[in-house]
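Chain and residue survey
This is what each chain is made of:
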Amino acid sequence: LSSLSNLVLSENSIFGSITPSIGSLKSLDSLFLHNNTLVGGIPENIYGIESLRRFHIDRNYLSGTISSSVGDLVAIEDMRIWKNHFEGVIPVEIALLTNIKKLYADSNIFTGGVDPFICQNFRKNNRFVEFTTDCLLEMKCDCCICF
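The sections below set out a description of the structure shown in this document. From a predicted model like this one, the values you see are computed outputs, not experimental measurements.

What to know about the overall build of the chain
From N to C terminus, the chain includes one helix and twelve strands. Going from N to C terminus, the chain has its helices and strands arranged as β-β-β-β-β-β-β-β-β-β-α-β-β. Its C-alpha atoms give the chain a radius of gyration of 14 Å, within 12% of the compact-globule value 15 Å for 147 residues. With the principal axes as the frame, the chain shows a C-alpha extent of 40 × 30 × 20 Å. Taking all 147 residues of the chain together, 47% fall into the buried category. Counted over contacts in the chain with a minimum sequence separation of 6, partners at least 24 positions apart contribute 50%. Looking at the chain as shown, the accessible area adds up to about 7,300 Å², and 53% of this sits on carbon and sulfur atoms. Within the chain, the 16 negative side-chain charges are centred at a point lying 6 Å from the centre of the 12 positive side-chain charges.

Considering the side chain of Thr132
Considering the arrangement of structural elements, one finds Thr132 in strand S11 (residues 130-133). Among the residues examined, Thr132 registers a relative accessible area of 4% and is labelled buried. In this structure the side chain of Thr132 is engaged in a polar contact, spanning 2.5 Å, whose partner is the side chain of Asp106. The residues contacting Thr132, other than those within four sequence positions of it, are Leu103, Tyr104, Ala105, Asp106, Ile145 and Phe147.

Observations concerning unusual backbone geometry
One non-glycine residue, Lys83, lies in positive phi territory at about 55°. When you line up the elements, Lys83 lands in the loop between strand S7 (78-80) and strand S8 (85-88). Positive phi values are uncommon outside glycine, yet Ser107 reaches one of about 60°. As for its position among the elements, Ser107 is in the loop between strand S9 (102-104) and strand S10 (109-110).

Considerations on the sheet that holds S7
Strand order in the open sheet made by the seven strands is S1-S3-S5-S7-S9-S11-S12, with parallel pairing throughout. Every interior strand has two partners, whereas the edge strands, strand S1 (6-8) and strand S12 (145-146), have only one. Judged from the three bridges that link them, strand S3 (residues 30-32) and strand S5 (residues 54-56) form a sheet pairing that is parallel. If you follow Leu31 over to S5, its bridge partner there is Phe55.

Examining helix H1 (residues 116-123)
Where H1 is concerned, the buried positions are Ile118, Cys119, Asn121 and Phe122. Mapping the buried residues of H1 onto a view down its axis gives an arc of 165°, with all of them on the same face. Away from its buried face by more than 90 degrees, H1 exposes Pro116 and Gln120. On the buried face of H1, the contacting elements are S9 and S11. At the N-terminal boundary of H1, the capping side chain belongs to Asp115, with an oxygen 2.8 Å from the backbone nitrogen of Phe117.

Remarks on the pattern of salt bridges
Using the criterion set out here, one finds five salt bridges in the structure. With its nearest N and O atoms 3.8 Å apart, the salt bridge here joins Asp29 to Arg54. A residue pair is termed long-range when its members are at least 10 positions apart, and Asp29 in the loop between strand S2 (15-17) and S3 and Arg54 in strand S5 qualify at 25 residues. On the accessibility criterion, Asp29 (17% relative accessible area) is buried. For Arg54, a relative accessible area of 29% corresponds to the partly exposed category. Across the salt bridge formed by Arg80 and Asp78, the nearest N and O atoms sit 2.8 Å from each other. With respect to burial, Arg80 and Asp78 carry one shared label: buried. If you follow the salt bridges from partner to partner, you end up with Asp29, Arg53, Arg54 and Glu77 in one network.

Reading the values: the criteria
Residues numbered from 1 in each chain as written. Predicted model: local features only at pLDDT ≥ 70, side-chain atom pairs only at ≥ 80, totals over all residues. Heavy atoms only, no water. Helix = DSSP H or I, 4+ residues; strand = E, 2+ residues; numbered from the N terminus. Rg over C-alpha atoms; globule rule 2.2 N^0.38 Å. Buried < 20%, exposed > 50% of the residue type's maximum accessible area, 1.4 Å probe, protein only. Contact = heavy atoms within 4.5 Å. Areas by Shrake-Rupley, 256 points an atom, 1.4 Å probe, with all protein chains shown as cover. Lys, Arg positive; Asp, Glu negative; His and termini not counted. Charge placed at Lys NZ, Arg CZ, Asp CG, Glu CD. Polar contact = N/O pair within 3.5 Å; in protein donor to acceptor, adjacent residues only side chain to side chain. Pairing = 2+ DSSP bridges. Arc of directions from axis to C-beta. Salt bridge = Lys/Arg side-chain N within 4 Å of Asp/Glu carboxyl O.

Structure below.
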């Protein structure tokens, strides 16, 4: 399993939490767990998979906050966390994701707005990041596609 590059378990009616053992798959390029019945948070060691480019955990019942360690996902290009129950602020460390092209974060319970530094970094070098979020009164974002 140490050389596993793609783990696709989406749309399998999986119930339970994301196992922390996934974090030991250091060659993982794609992790697709979307559209299941997953609960709990994202195990901290998943943020340490430096090779991870695609991370889809949307359409589950995941909760808690997104760790500031999200900035350690240096290869991430496509991160889909939409339609869960994540709360708190979107961490400013998201701005460190220089390869990101898609970040779908809408349909959660985020509050506090998106730090302007995230938008500044996403716009560097005329780069476009498809960044979705809920733009409610308390959730301001200058570079988001609002839902």
